[in-house]
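So the chains spell out like this:
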There are 2 protein chains.
Amino acid sequence: MSTITEIEVHDLRFPTSLDAAGSDAMNVDADYSAAYLRIVTDGPLYGCGFTFTIGRGNEVVCAAIRAWADRLVGRDAGTLDPTALYRELKTDSQLRWLGPEKGAVHLAMAAVMNAVWDLAARRAGVPLWRLLAQMTPEDLVEVADLQYLSDVLTAEEALELLRRQEPTRQERIAELERTGYPCYTTSAGWLGYSEEKLRRLAQEAVDQGYTHIKLKVGRDLAEDKRRLAIAREVLGPQGHLMIDANQVWDVGQAVEWVRALAEFDLHWIEEPTSPDDVLGHAAIRRQVAPVGVATGEHGMNRVLFKQLLQAEAIDFCQIDACRLASVNEIVAVLLMAAKFGVPVCPHAGGVGLCELVQHLSIVDYVAVSGDLTGRVTEFVDHLHEHFVDPCVVRDGAYVLPSQPGYSAEIRAETLASHSFPDGSYWRERAAAEAR
Amino acid sequence: MSTITEIEVHDLRFPTSLDAAGSDAMNVDADYSAAYLRIVTDGPLYGCGFTFTIGRGNEVVCAAIRAWADRLVGRDAGTLDPTALYRELKTDSQLRWLGPEKGAVHLAMAAVMNAVWDLAARRAGVPLWRLLAQMTPEDLVEVADLQYLSDVLTAEEALELLRRQEPTRQERIAELERTGYPCYTTSAGWLGYSEEKLRRLAQEAVDQGYTHIKLKVGRDLAEDKRRLAIAREVLGPQGHLMIDANQVWDVGQAVEWVRALAEFDLHWIEEPTSPDDVLGHAAIRRQVAPVGVATGEHGMNRVLFKQLLQAEAIDFCQIDACRLASVNEIVAVLLMAAKFGVPVCPHAGGVGLCELVQHLSIVDYVAVSGDLTGRVTEFVDHLHEHFVDPCVVRDGAYVLPSQPGYSAEIRAETLASHSFPDGSYWRERAAAEAR
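The numbers attached to residues start from 1 for each chain and follow its sequence in the written order. Chain letters and ligand numbers both follow the written order, the letters beginning at A and the numbers at 1. With the structure being a predicted model, the display of local features is reserved for residues of pLDDT at least 70 and the display and counting of side-chain atom pairs for 80 or more, all residues being used for whole-chain, interface and lining totals. Water and hydrogen atoms play no part in the side-chain values, which are based on all heavy atoms of the structure.

- With an unreviewed UniProt entry as reference, chain A is termed L-fuconate dehydratase, source organism Desertihabitans brevis.
- According to UniProt, the comment filed for chain A under the heading Catalytic activity (unreviewed entry) is "L-fuconate = 2-dehydro-3-deoxy-L-fuconate + H2O".
- UniProt positions are given in the numbering used here, feature names are shortened, and annotations may be inferred rather than shown by experiment. According to its UniProt record, chain A has this under Cofactor (unreviewed entry): "Mg(2+)".

**Things to note about the side chain of Lys102 of chain A**
No. 1: A run of H or I in DSSP counts as a helix once it spans at least four residues, and a run of E counts as a strand once it spans at least two, with each numbered from the N terminus. You can see Lys102 of chain A is positioned in the loop between helix 3 (93-96) and helix 4 (103-124).
No. 2: The exposure class of Lys102 of chain A is buried, given its relative accessible area of 0%.
No. 3: A 3.5 Å cut-off defines polar contacts: any pair of N or O atoms within that distance qualifies, except that in protein one atom must be a possible hydrogen donor and the other a possible acceptor, and neighbouring residues in sequence count only when both atoms are side-chain atoms. Here the side chain of Lys102 of chain A touches Pro100 of chain A through a polar contact of 2.7 Å, landing on its backbone oxygen.
No. 4: In terms of polar contacts, Lys102 of chain A uses its side chain to reach the side chain of Asp276 of chain B, at 2.7 Å.
No. 5: Contact partners of Lys102 of chain A, with chain neighbours within four places excluded, come to Met300 and Asn301 of chain A together with Lys102, Gly103, Asp276 and Met300 of chain B. In this scheme, a residue with accessible area under 20% of its type's maximum is buried, one over 50% is exposed, and one in between is partly exposed, where area comes from a 1.4 Å probe on protein chains only. Whether two residues are in contact is decided by their heavy atoms: any pair within 4.5 Å suffices.

**Side note on the pattern of salt bridges**
No. 1: For salt bridges, the criterion is a side-chain nitrogen of Lys or Arg within 4 Å of an Asp or Glu carboxyl oxygen. Scanning all chains against the criterion turns up 64 salt bridges over all chains.
No. 2: Between Arg38 of chain A and Glu409 of chain A there is a salt bridge, with the nearest N and O atoms lying 3.2 Å from each other. Of the two residues, Arg38 of chain A is situated in strand 2 (residues 33-41) and Glu409 of chain A in the loop between strand 12 (397-398) and helix 16 (412-418); the sequence distance between them amounts to 371 residues.
No. 3: As a salt-bridge pair, Arg285 of chain A and Asp315 of chain A come within 2.9 Å of each other at their nearest N and O atoms. With a gap of 30 residues between them, Arg285 of chain A in helix 12 (residues 278-288) and Asp315 of chain A in the loop between helix 13 (302-310) and strand 9 (316-317) connect regions that are remote in the sequence.
No. 4: The class for Arg285 of chain A is partly exposed, based on a relative accessible area of 26%.
No. 5: The structure contains a network of salt bridges with shared partners spanning Arg56 of chain A together with Arg71, Arg75, Glu88 and Asp92 of chain B.

**A short note on the sheet that holds strand 3 (residues 46-53) of chain B**
Residue and element names in this part refer to chain B.
No. 1: Here, strands pair whenever DSSP counts at least two bridges between them. Pairing is antiparallel in the open sheet, where 3 strands are placed in the order 1-2-3. Of all the strands in the sheet, the pair left with one neighbour each is strand 1 (4-13) and strand 3. Each strand axis lies, on average, 15° off the axis of its neighbour in the sheet, ignoring direction.
No. 2: Strand direction decides the pairing type here: strand 1 and strand 2 (residues 33-41), joined by 9 bridges, are antiparallel. What sits directly across from His10, in strand 2, is Tyr36.
No. 3: For every element, the axis is a line fit to its C-alpha atoms; helices are fit only across the contacting stretch, and the angle between N-to-C directions ranges from 0 to 180 degrees. Strands in contact with helix 4 (residues 103-124) are strand 2 and strand 3; relative to strand 3, the strand with the most contacts, it is inclined by about 150°.

Put into structure tokens, the structure is as follows:
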């Protein structure tokens, strides 16, 4: 028996707006933030989880985390079943009303369930990817939330799909242990960076072994052309060049803008318009081919992904570890994407998204899709120093995590310094601004 | 000059779960709640607004209201332009991240903008519907948020549509002043009510002049048949009988269930599945015709409504005054629905939704669609006693509101009694439960 005694909730904010890291056409002054919780027990067992925001409003998500998590206190962490808990939380009709299954309460449910899955993996003494990759196909189907999805994927189809990959799981684990999971970098392409800085960072990326580079676009067409010319020059004709508009266009404008950039041989256009616009993405995709369409970092839930796949609206499926309600909802999306043959290329960056999604990409390859074709997971090189078990990238690939858990734990020093507004960093900054 | 000095935020909850009012297949124990704000100035001018929730989590929305509304303090309420403010709020990229344009922050933006529109109508000395119905077509198009909609509705088309109705606005106002705006009642059909109570309330509704009755369904098919038989018997063969499943079915199950109820000659099936599932609603609609499909009370934003219309997924468009971000987003949806020829039948009930949507239905008829065919606005007879200017229904129709504002002000006594957890009602109940 290991009783949950407390849910600590921390509002952590990092001053990324100071150097324009994270800047794009929609989000000009992001202060990367985590609404973070720690499940505390009366024994050594614990679990950490978070969701990601970009500043103001992080306190709203913290309030929602408390609304979901308070009911955990007093339960036995030694036997807590993440999937049973997930099903219990999602049927809380009062909290469900605030979404349903979207927005701040859903982000908060992601945070809570990330912590519960972290705890479950620690309890098993394995990294999360291995906990999932060791499950039988029957157990993994049970994990997946298939509600509202039966018109495209039944439990029987999901089981069949997982069984097909089961006999060769160990081979793929061995392969990934040798090669890592392929990634790409966005670190060079923030819109607030000068063209000189873009050229330097792109060159560094190529030197480090990256074959994919992504640039933010959508503020000014002439500027986009100048920046893409630099990136293409550095990357060479063989490399993959992606662009990300962060939702700034209407459908027709997206088509025109992307067509105007055709000369740069683009691999994908990411978030061309509202993330909710399934039919809009489908229309854009038909008109900008062969440029692929990618979206999903703001994909609110599995029902949206179902429709993006049904409508043939995307070429790349960008799940987010903190917007979907953790493993139970994400496995459902991985299964649908595998059925439709659409590669999953998770969104990362922010605070700790890289730490989480590496596990999900590994599970996708080992247990679900069995395929690396077209797969590449985002990597952004900042804020990793705040994590107890930071991700490691080598030669353009994520090295397989080996510590128990979901790599979600943030260092005690960071909790003390970056809690908002009372952490030492924020207090000192407020004092300096008052002077 | 009338300076905004404070934004009061009140977490108001009503114990509706005690008598099963509001109970349906998804929401079994709703405690109807309002996240309510009052814009206070240093003069007599003020504005009130709210969004609606069903209990737990109302504090999360209150936190989000504070995040949006704090920036209003210090501004001049005498010149505050609702539309300029709306555009300012929606481009706050940090708060936008928590949606975007959905969930708790969007509900909170609805509450804030409802209060700002209430203030604007009070300032003009007219009810909100008249403030809008007096605007020129040019000004009303400016009010509408058309971002992400240009692939189905351009500003020019919207203007053309409004101009067509402009010359005859006064005739329709005069008509509504004679007849009121037609409504239907859900008060009889809650799932937690016994069959005897259902029969009695349905009979009362018919006696009061209602020609439409709606029942909650989806818990048990045999039970649904018994209850629909009672309602159809009381209503007679000519009356319109609607059902509401509150999202409990997957797509295939919805089709089967609704077909199994064909003998009751149903007018519409409301919320058959996930409110996010545009393609699912379209599939259901094709398969359950001639039963109409209605949805929208959980329609998160105008982009969802755009797609429901594009995909020919709905026969009835059920906007909600507290889930869409107030007048600016709602007018955009009214315009799209008018273009597609789909009748707007607003969702109401809850706390104060009837008070708000009556204004919107009037604007739709007077200035936008110019049509009453198939239109009927929901009415639920509870909690009106808490409002300073409660809606009035006579002979199955809303009487036109005549007081200045958006009918959104809640009585001071109610703020004192039903604030959670410190209002007198909740303190007394907690004391009684502790005994």
